[in-house]
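Architecture at a glance
Residues per chain are reported as follows:
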Amino acid sequence: METDEVEQGLPFQLQFDKPVPAQIKIAEWNPEKDLLAMVTEDSKILLHRFNWQRLWTISPGRCITSLCWRPDGKAIAVGLEDGTVSLHDVENGKLLRSMKSHTVAVVCLNWEEDGQLIGDSGNILAYEDRTSRFFPPAPRVPRMPGLVSGDTGFMDDSEDSFGELSNSSHQRFNILCSGDKDGSICFSIFGMFPIGKINIHEFSVSTLLMDNQVTYRLLNASICKVALSKDLCHLIVTCSGELVEESVESRDRHIFGHGLLGLHSLVLDTSIFWKRKNELHQVAQQASNIEDLTEVIRASLSVMCKQWSDAMHMFHEKFDSLSSLIIDHGLDSSPQEEFLSLLCGARTSPPLHQFLVSSLGEVGLKRVSKAVSNAGKELQFIVLDHLQPAAEIIGFRMGELRGLSRWRTRYKVIGLDERLIDNATEKAGMLLVQVERFMMILSSAVQQFSNFFSWLLKCIKLLMSETSDQLLPFNSELVIIFLRFLYDQDPVRQLLELSEVDHNIEIELETMQKIKELVQLGGFSDSEYLQRTMAKEFQQMESSFKEAFAMPFTTVSEKILCEDLLPMFPCPSSPFNVPMSISYYKDISQAVSTYQTCQHRFIDYIAFKVPDESFSDVANCIGIARGFMHDSSSVKKGYTSLEAVLLSVPDGYHCVDLSLYKESQMVLLLNETTSTSESSGSAHMLVVQVTDLPFVSVPRSTNLNYWKLHELKNFYLFEDSITYLQMENEKVRSIPHSAIAPLAVSASRGVACVFAARKRALVYILEEDEDEATDAE
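This structure is a prediction, so every number in the text was calculated from the model and none was measured.

Moving on: the overall build of the chain. Tallying secondary structure elements over the chain gives 16 helices and 32 strands in all. By the burial criterion, 55% of the 777 residues in the chain qualify as buried. Excluding contacts between residues fewer than 6 apart, the proportion of contacts in the chain whose partners are at least 24 apart in sequence is 67%. Carbon and sulfur atoms make up 49% of the accessible area of the chain, which amounts to about 34,700 Å² in all.

Mean pLDDT over the chain works out to 83, with 80% of the residues at or above the 70 mark. Note on residues 147–162: pLDDT under 50 across the span, and 27 contacts to partners over four residues away in sequence or across chains. Long-range and interchain partners of residues 702–710, a stretch whose pLDDT sits below 50, account for 32 contacts in this model, where long-range means more than four residues apart.

Per the stated rule, a full pass over the model turns up 31 aromatic pairs. Aromatic pair Phe315 and Phe482: ring centres 6.4 Å apart, planes at 90°, arrangement edge-to-face. Here Phe482 lies in helix α10 (residues 476–485) and Phe315 lies in helix α4 (residues 277–319), a separation of 167 residues in the sequence. Since its relative accessible area comes to 1%, Phe315 is described here as buried. Of the residues examined, Phe482 reaches a relative accessible area of 0% and is grouped as buried. Summarising the aromatic geometry, the rings of Phe319 and Phe453 are spaced 6.5 Å apart at their centres and angled 35° between planes, so their arrangement reads as tilted. Taken as a pair, Phe319 in helix α4 and Phe453 in helix α9 (residues 418–463) lie far apart in primary sequence, 134 residues in all. Taken as a pair, Phe319 and Phe453 share a single burial class, namely buried. Three or more aromatic residues link up through ring pairs in this structure, and these residues are Trp308, Phe315, Phe319, Phe339, Phe355, Phe449, Phe452, Phe453, Trp455, Phe482 and Tyr487. We note Arg626 situated over the ring of Phe695; from NZ or CZ to the ring centre the distance is 3.9 Å. A cation over an aromatic ring shows up here: Arg749 above the ring of Phe50, its NZ or CZ 4.3 Å from the ring centre.

Ordered in space as β24-β25-β26-β29, the 4 strands form an open sheet in which the pairing is antiparallel. Two strands bound the open sheet, and with one partner strand each, they are β24 (653–661) and β29 (731–735). On average, each strand axis in the sheet is inclined to that of its neighbour by 20°, with strand direction left out of account. Judged from the 8 bridges that link them, β24 and strand β25 (residues 665–672) form a sheet pairing that is antiparallel.

Further remarks concern unusual backbone geometry. The amide bond that connects Ala741 to the next residue, Pro742, takes the cis arrangement and shows omega of 10°. In this fold, Pro742 is placed in strand β30 (residues 739–746). Located in the positive-phi region is Phe190, a residue other than glycine, with phi close to 60°. Overall, the relative accessible area of 1% leaves Phe190 in the buried class. Its identity is not glycine, yet Asn220 carries a phi of approximately 50°, on the positive side.

For soluble globular proteins, nonpolar side chains are generally found buried alongside one another. Membership of the largest hydrophobic core comes to 114 residues, with the highest contact counts inside it found for Phe273, Phe319, Phe339 and Phe452. Not counting residues within four places of it along the chain, the set of residues in contact with Phe339 comprises Phe319, Leu322, Leu352, Phe355, Leu356, Phe452, Trp455, Leu456, Leu483 and Tyr487. Counting 26 residues, the second-largest nonpolar core is a separate cluster that includes Phe569, Phe615, Val618 and Cys621.

Parameters at a glance
Per chain, the residues get numbers from 1 upward, laid out in the order the sequence is written. Where local features are concerned, this predicted model is filtered to residues with pLDDT of at least 70; where side-chain atom pairs are given and counted, the filter is 80 or more; whole-chain, interface and lining totals use all residues. Side-chain metrics in this entry use all non-hydrogen atoms of the structure; hydrogen atoms and water are not considered. Numbering of helices and strands runs from the N terminus, with a helix taken as a DSSP run of H or I at least four residues long and a strand as a DSSP run of E at least two residues long. Using a 1.4 Å probe on the protein chains alone, a residue whose accessible area is under 20% of its type maximum counts as buried, one over 50% counts as exposed, and one in between counts as partly exposed. It only takes one pair of heavy atoms within 4.5 Å for two residues to be counted as in contact. With residues, only the protein chains shown are counted as cover, and all accessible areas are computed by Shrake-Rupley using a 1.4 Å probe. As a per-residue quantity, pLDDT reports the predictor's confidence and falls between 0 and 100. Note on ring pairs: Phe, Tyr and Trp rings are taken, using the six-membered ring of Trp, and paired if centres are within 6.5 Å. Classes follow the plane angle, with under 30 degrees stacked, over 60 edge-to-face and the rest tilted. By definition here, charges over rings are those cases where NZ of Lys or CZ of Arg is within 6 Å of the ring centre and within 35 degrees of the ring normal. Here, a strand pair is defined by DSSP locating no fewer than two bridges between the strands. Interaxial angles span 0 to 180 degrees and are taken between N-to-C directions of axes, which are lines fitted to C-alpha atoms, for helices over the stretch in contact. Among buried residues, those of type Ala, Val, Leu, Ile, Met, Phe, Trp, Tyr and Cys that are joined through side-chain atoms within 4.5 Å constitute a nonpolar core.

Below is the structure:
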């Protein structure tokens, strides 16, 4: 450990000053462990311990645009430029799950958990995943033969991180929020089960102005930051865009204000997550595990189809030469007819003799026989160890969901539709029937291939005048059946392969009639399942799952509403690079708690740098607003809880980045403006106690649920609302390098990582008690 012994009197102790391989554009501390995740300019993720030991480096191969940790620190979410959100294991960086939730770049991520464990306080909805009572551990995705561990990205049997990610019954209920540059925000439970999606362009705030109802909405908005409240009841969104006004009567749309673009904040009502967290937890647990098992079945079908196709390719590669030999000898018979003649004791034809003795031979026949036999064994193994257990557990979990869907008073409100769940449950059962049929057909096919090869081997021995007493016996009737139904047909592959053209399997009329009679007795409604292949049945099952789980997604999305919209500041250019931070601190104000509900134990803070071009009279300032989350209900009661303050940065400095810190503090990173180049000069890091700042109440009309830009400007110019930052009165640490964003601050560890322009990382202890700054082994 490198200590700063020369300047022990300084408030922050320098722990490390280390080089980094490339410039860092994103950095986040693990909330539970002494780990720092960094994203380089070339989109590589580096994970370092607190002692700067690198644990792993991964490269997704696409541009990384955002990053955040799961609240327990065991997984990290990565937002990509193509709209994908991927989850990676903290232990080794292995990809755990990938979801294409967006169509454009995911620019921000926020992962928040509920403070109460499911089932605390004797809750009657305490959730227990009962699957482990009746089933062994869920099967994993089978590997393609010939590949070693890691070649396909599948998990090793010894690795249980994926299972831990999927088994969320012991986790606190949590929501992963992701925002993109087109204004869409997606929500997923445990980062695995998509439960909602909204677009801020669809929201509007209406008010009565001069006896006319006026609606305000955002256009061309791009999400900057999202932050879910600690109780999951509200989501604060900051976005850049254009605020426009719509007249309800004339339907004319014109630009709000004077054509100003800017940064705006919205408060979304997400109380459905808090009110129905128990129900959502149970549905997400079942649905996400069903999705995992669906992937096991998909991969099993793919591996099985390839293995059987390879064996059949070898068979036809050897036996198709017989057709060419028959043609070359001027005969018009088929290979099946030639084999039947040999079976019936007729003289062996010249082409068949040449094929058996020269083209195929004993060695070639044994090679083909071994390939088909091994493929049959592998398929049976995959079915018994992967596909069938996955289908059985899916059926059980769908049965659990079916029971929940019938509790309409609790589960209909989150969109769990009984009819759709019943249909999906039936499809899961039909797949199990298809698996049983496949095993019978596979066993019969392998047996008939083996019988056919045994007969051919005896024929070759006789033609070669060799003894055949030691050979396995064969059944002549099975040879005839093989030549008729299996020689140039492949019922096994037909069941495994999903073709674009539907091929119905022919079923006897008597069998179909019996199935229809069973339908009339009840239990299921599908009478045509035996006419479908197993691959087609799987496709229909998967489609029914998507339809059933799309209903909660749609229902929850419709219950996420916009409570308030607040224009923050005008900015003609994109404010994506504006330093900004959103956090929630415990609210100890009695004045606020008198009208807030019991779950509102926190108050929101929004800190941001005001761009110099926003107002000509306001320059080099940092704005902090608090109480916006509760202001919509406060305005209706005749008062406001929204407060704000402007913090003026001293001359000669400019804000590089900022971060709201624990215990109502804010960490500022300032660069000197006198340096001649970006890499030269020095920087300063200081901690400001936010609660000590002179916040003033921001007046908002009781009739208007919006804050006009000119009112915001007047507020900024109000003399009492500007506080001048005195460097000598704050906890300030001088940094001997010019700093760049990002500033990575860890509230749990009490440390900050500053990145210098010269590709260096400096880690500082923010706590005053240096005894707490111990090494992380």
